[in-house]
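# Notes for the structure review
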Amino acid sequence: MSQVAICPTCGSKSRIKEKEGVVTYQAVQDEEAFKKIGQMKRAMEKFKAKADNLEKELEALKAKL
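Bear in mind the structure is a predicted one, so any value in this text is a computation, not a measurement.

What follows covers the environment of Pro8. Here Pro8 is to be found in the loop between strand S1 (3-6) and strand S2 (13-19). Given a relative accessible area of 62%, Pro8 falls into the exposed group. The spatial distance from the C-alpha of Pro8 to the C-alpha of Gln26 is 12 Å, given a sequence separation of 18 residues.

Here is the structure:
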């Protein structure tokens, strides 16, 4: 997932990318896009938590066998 922060040079909301120690900022042009990014992050976090719980449940079932 991309990280979103305020760009230090222009002050706009931007996606942060770090490659080989160099940080680049790419401006998010639309407020709607910024909202969508937040929604996607929350959805992915919920999915990851659910997957982790299922993985733990699977391990517990394997241990019983």
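With that settled, consider the environment of Arg15. Note on placement: Arg15 falls in strand S2. For the pair Arg15 and Ala5, spaced 10 residues apart in sequence, the C-alpha to C-alpha distance is 6.5 Å.

Now for unusual backbone geometry. Although it is not a glycine, Glu20 sits at a positive phi angle of roughly 55°. Tracing the backbone through its elements, the reader meets Glu20 in the loop between S2 and strand S3 (22-27). Residue Glu20 is classed as exposed on the basis of its relative accessible area of 78%.

Let us now look at the pairing of S1. Here S1 pairs with S2 via 4 bridges, running antiparallel. Across the sheet, the residue bridging to Ile6 is Lys13, located in S2. Linking two consecutive strands that pair antiparallel, namely S1 and S2, is a turn of 6 residues; a positive phi of about 80° is found at Gly11 within it.

Rules of the game
Residues numbered from 1 in each chain as written. Predicted model: local features only at pLDDT ≥ 70, side-chain atom pairs only at ≥ 80, totals over all residues. Heavy atoms only, no water. Helix = DSSP H or I, 4+ residues; strand = E, 2+ residues; numbered from the N terminus. Buried < 20%, exposed > 50% of the residue type's maximum accessible area, 1.4 Å probe, protein only. Pairing = 2+ DSSP bridges.

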